[in-house]
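# Examining the three-dimensional arrangement
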Amino acid sequence: QVQLVESGGGLVQPGGSLRLSCAASRSIFFINPMGWYRQAPGKEREWVTTITLGGSANYADPVKGRFTIARDNAKNTMYLQMDSLKPEDTAVYYCTGRYGPRDYWGQGTQVTVSS
């Protein structure tokens, strides 16, 4: 069993930055891969980025070059640094991780990009 808790969401102006955190209830050495999804109002949940235990990362095209995923295995925490935010980045952001055969999800954190 794993619990994932996101934090760091909020309201930011276009062009601004936010850093999301995802804290795990157990060592993330055993949670692999980890990643972020988002769901905008009226849309389906979409994949944003994934990172492996070794630090290899992949990004969806809409966020490539603006978002950076990282994991701190010592702190059992994963991060999503979001720069140059756009209104279309507005969504609930969910962290996820695979532990054993199952995928676990956090409860989500709201990110709103608006002037």
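Refer to the structure printed above.
Everything in this summary refers to the structure shown in the same document. Remember, predicted model here, so these are calculated numbers, not experimental data.

Another aspect to go through is the nonpolar core. Ranked by size, the top nonpolar core spans 28 residues in total, and within it W36, M82 and Y93 carry the most contacts. Looking at this core, the elements that each hand over two or more residues are β3 (18–24), β4 (34–39), β5 (46–51), β7 (67–72), β8 (77–82), β9 (91–99) and β11 (109–113). Broken down by element, the residue count for this core peaks at four residues, all from β3. If sequence neighbours within four positions are ignored, M82 has contacts with G16, S17, L18, L20, R66, F67, Y93 and V111.

The subject of this paragraph is the environment of V113. Inspection of the secondary structure assignment puts V113 in strand β11. Taking the C-alpha atoms as reference points, V113 and W47, 66 residues apart in sequence, are found 19 Å from one another. Those residues in contact with V113 that sit more than four places away from it in its chain are V12, Q13, P14, L85, K86, P87, D89 and T90.

The next point concerns the state of the cysteines. One pass over the full model with this rule turns up one disulfide. Through a disulfide, C22 is tied to C95; the S-S separation comes to 2.2 Å. Since a negative S-S torsion denotes a left-handed disulfide, the C22-C95 link at about 55 degrees is right-handed. Taken as a pair, C22 in strand β3 and C95 in strand β9 lie far apart in primary sequence, 73 residues in all. Each of the two residues, C22 as well as C95, counts as buried.

We now examine unusual backbone geometry. Along the chain, N32 connects to P33 via a cis peptide bond; the corresponding omega equals 0 degrees. Inspection of the secondary structure assignment puts P33 in the loop between β3 and β4. Unusually for a residue other than glycine, N76 sits at a positive phi of about 55 degrees. Following the sequence through the fold, N76 ends up in the loop between β7 and β8. Take N76: its relative accessible area is 22%, and that puts it in the partly exposed class. Here the phi dihedral of S84 falls at roughly 50 degrees; this positive angle occurs in a residue that is not glycine.

Once that is clear, we can look at the pairing of strand β1 (residues 4–7). The two faces of β1 differ: L4 and E6 on one face are buried, but V5 and S7 on the other face are not. Note: β1 against β3, four bridges, orientation antiparallel. When the sheet's bridge partners are listed, S7 is paired in β3 with S21.

Here the focus is the pattern of salt bridges. Applying the stated criterion to the full structure yields five salt bridges. Here D103 makes a salt bridge to R98, at a shortest N to O gap of 2.8 Å. For D103, a relative accessible area of 35% puts it in the partly exposed group.

What counts, and at which threshold
- Residues numbered from 1 in each chain as written.
- Predicted model: local features only at pLDDT ≥ 70, side-chain atom pairs only at ≥ 80, totals over all residues.
- Heavy atoms only, no water.
- Core = buried A, V, L, I, M, F, W, Y, C linked by side-chain atoms within 4.5 Å.
- Buried < 20%, exposed > 50% of the residue type's maximum accessible area, 1.4 Å probe, protein only.
- Helix = DSSP H or I, 4+ residues; strand = E, 2+ residues; numbered from the N terminus.
- Contact = heavy atoms within 4.5 Å.
- Disulfide = S-S within 2.5 Å.
- Pairing = 2+ DSSP bridges.
- Salt bridge = Lys/Arg side-chain N within 4 Å of Asp/Glu carboxyl O.

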